[in-house]
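# Residue-level structural notes
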Amino acid sequence: MDLEKKPVVSDVGAWAMNVVSSVGIIMANKQLMSPNGYAFGFATTLTGFHFIVTALVGWVSNATGLSVSKYVPFWELFWFSIVANLSITGMNLSLMLNSVGFYQISKLSIIPVVCFMEFLLHSKHYSRQVILAVAVVALGVGICTVTDVDINAKGLLCACVAVFCTSLQQITIGSFQKKYNIGSFELLSKTAPVQAASLLIVGPFADYYLNHRSLLDYRFTSGATFFVLLSCSLAVFCNMSQYLCIGRFSATSFQVLGHMKTVCVLILGWILFDSALTLKNILGMLLAVLGMVVYSWAVEHEKQVNRATHIIADSKSEGEDVKLLKEKVNGLAKSDLELGQTKS
């Protein structure tokens, strides 16, 4: 199952898989964790369940020959799992300690942090059109999601850790795929078991700190069990499509176009859960979608400019090679002529 080498999933299909699975898992988790639903308030442990199922799918795929296991050093997987788990725990703590408005602002700040880290780590530069499009997307999502903003020292620290670790995790996914020449699903099947084990150790303690409830005291009904299994199943597609999109594009593109999920969640929340949808929300969503369209155009335009530059450079290089070859041939002919004159 090498999704990069074989066109099993197209680019649009990869994005569609990520949006549908991410929105689906948010809706399922909303029903599972809501006090009006099944009140399963163990988000970090639930993420551990997600990675257990993902690891099992990866193991079955390798065992049946659908994918090939490739070597990645354990210490790389270990530090990656630490960063990824700090991202998850940090986001949960940030949501608990901060207002919803500041939590949304911290999530929006991931985009500029990813851009800055890609510049530092990979010397990646962005055109003015791309920067403008990113700003428009962030502004649009901010308008439709940010309400009250309340900041405190602990919450600010957790938000900073979450933003930094999330940005580093997403950049590292793309770097690992290039460094070890490994496909998206193969890399996911390597990282999932390590993340599952660490989250199942840390998760119950983190969740107890967050809501002062123990998982052992929770009563699993048939409905709660169904939504846990549904959430885990959707998580496999969500994780797979995340690795796939970052591997094919970039962490920045994943963040920018990923805000389409925020727009979908707001719309579905209004349809399914009677959430309020004001004119401010609608204008913000339209602005965010406009920013995504401009971003897609700007990235494609940048690719075409770079491609044209490479073609021109290659043409110049070929022209110089031909010129040198002609000079060399003319030089050899001249030396042969002089040699013949000397003999005669």
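Please read all numbers here as calculations on a predicted model, not as lab measurements. (Residues numbered from 1 in each chain as written. Predicted model: local features only at pLDDT ≥ 70, side-chain atom pairs only at ≥ 80, totals over all residues. Heavy atoms only, no water.)

### Examining the environment of Ile88
As for its placement among the helices and strands, Ile88 is situated in helix H3 (residues 74–97). Of the residues examined, Ile88 reaches a relative accessible area of 18% and is grouped as buried. With 111 residues separating them along the chain, Ile88 and Leu199 place their C-alpha atoms 9.4 Å apart. (Helix = DSSP H or I, 4+ residues; strand = E, 2+ residues; numbered from the N terminus. Buried < 20%, exposed > 50% of the residue type's maximum accessible area, 1.4 Å probe, protein only.)

### Structural notes on the UniProt feature "transmembrane region" (unreviewed entry) in the protein chain
If you check UniProt for "transmembrane region" (unreviewed entry), the listed places come out as residues 12–32, 38–60, 72–95, 101–121, 130–149, 218–237, 249–273 and 279–298 in our numbering. The distance separating the terminal C-alpha atoms of residues 38–60 is 31 Å; by composition the span is 78% helix and 0% strand. (UniProt positions renumbered as here; feature names shortened; annotations may be inferred.)

### A look at the nonpolar core
Grouped together as the largest cluster of nonpolar side chains are 21 residues, with contacts concentrated most on Phe80, Ile173, Leu187 and Tyr243. Of all the secondary structure elements, the ones that give two or more residues to this core are helix H1 (11–33), H3, helix H7 (153–179), helix H8 (184–211) and helix H9 (222–248). Looking at which element gives the most residues to this core, the answer is H9, with six residues. Residue contacts for Leu187: discarding those within four places in its chain leaves Ile173, Phe176, Gln177, Ile182 and Tyr243. Listed in part, the 14 residues of the second largest apolar core include Ile111, Ala133, Tyr295 and Ala298. (Core = buried A, V, L, I, M, F, W, Y, C linked by side-chain atoms within 4.5 Å. Contact = heavy atoms within 4.5 Å.)

### As for the packing of H8 against H9
Taken N-terminus to C-terminus, the directions of H8 and H9 make an angle of 125°; their axes are 9 Å apart at the nearest point. Judged by the inter-axis angle, H8 sits oblique to H9. Note that H8 runs across H9; the crossing there is right-handed. For the pair formed by H8 and H9, the contact residues are Ser184, Phe185, Leu187, Leu188, Thr191 and Gln195 on the first element and Asn239, Met240, Tyr243 and Leu244 on the second. Classifying every residue of the contact of H8 with H9 by side-chain character gives six nonpolar, four polar and no charged. (Axes fitted to C-alpha atoms, helices over the stretch in contact; angles between N-to-C directions. Parallel < 35°, antiparallel > 145°, perpendicular 65-115°, else oblique. Left-handed = near helix turned anticlockwise from the far one by under 90°. Nonpolar A, V, L, I, M, F, W, Y, C, P; charged D, E, K, R; others polar.)

### Points about the pattern of salt bridges
Tallied over the entire structure, the rule returns two salt bridges. Across the pair Glu76 and Lys179 runs a salt bridge whose closest N-O atoms are separated by 2.7 Å. Of this pair, Glu76 sits in helix H3 while Lys179 sits in helix H7, and the two are 103 residues apart along the sequence. Take Glu76: its relative accessible area is 2%, and that puts it in the buried class. Among the salt bridges present, the one from Glu118 reaches Lys124, with a minimum N-O distance of 3.9 Å. Residue classification places Glu118 among the buried residues on the basis of a relative accessible area of 6%. The partly exposed category is assigned to Lys124, whose relative accessible area is 31%. (Salt bridge = Lys/Arg side-chain N within 4 Å of Asp/Glu carboxyl O.)

### Observations regarding the side chain of Thr54
Here Thr54 is to be found in helix H2 (residues 43–63). Take Thr54: its relative accessible area is 1%, and that puts it in the buried class. With residues near it in sequence (within four places) discarded, Thr54 still touches Leu188, Ala192, Ala235, Val236 and Asn239.

### Focus: the packing of aromatic side chains
If you walk through the whole model with that rule in mind, you get eleven aromatic pairs. A ring pair is formed by Tyr218 and Phe220, whose centres lie 5.0 Å apart and whose planes are at 85°; its orientation type is edge-to-face. Residue class for Tyr218 comes out buried when judged on its relative accessible area of 12%. An aromatic cluster of three or more residues is present, and its members are Phe40, Phe42, Tyr218 and Phe220. (Phe/Tyr/Trp six-rings, centres within 6.5 Å; stacked < 30°, edge-to-face > 60°.)

### Some words on the side chain of Asn29
Structurally, Asn29 can be placed in helix H1. One polar contact links Asn29 to Ser231, side chain to side chain, over a distance of 2.7 Å. Beyond its immediate chain neighbours, meaning those up to four positions away, Asn29 contacts Ser34, Leu46, His50 and Ser231. (Polar contact = N/O pair within 3.5 Å; in protein donor to acceptor, adjacent residues only side chain to side chain.)

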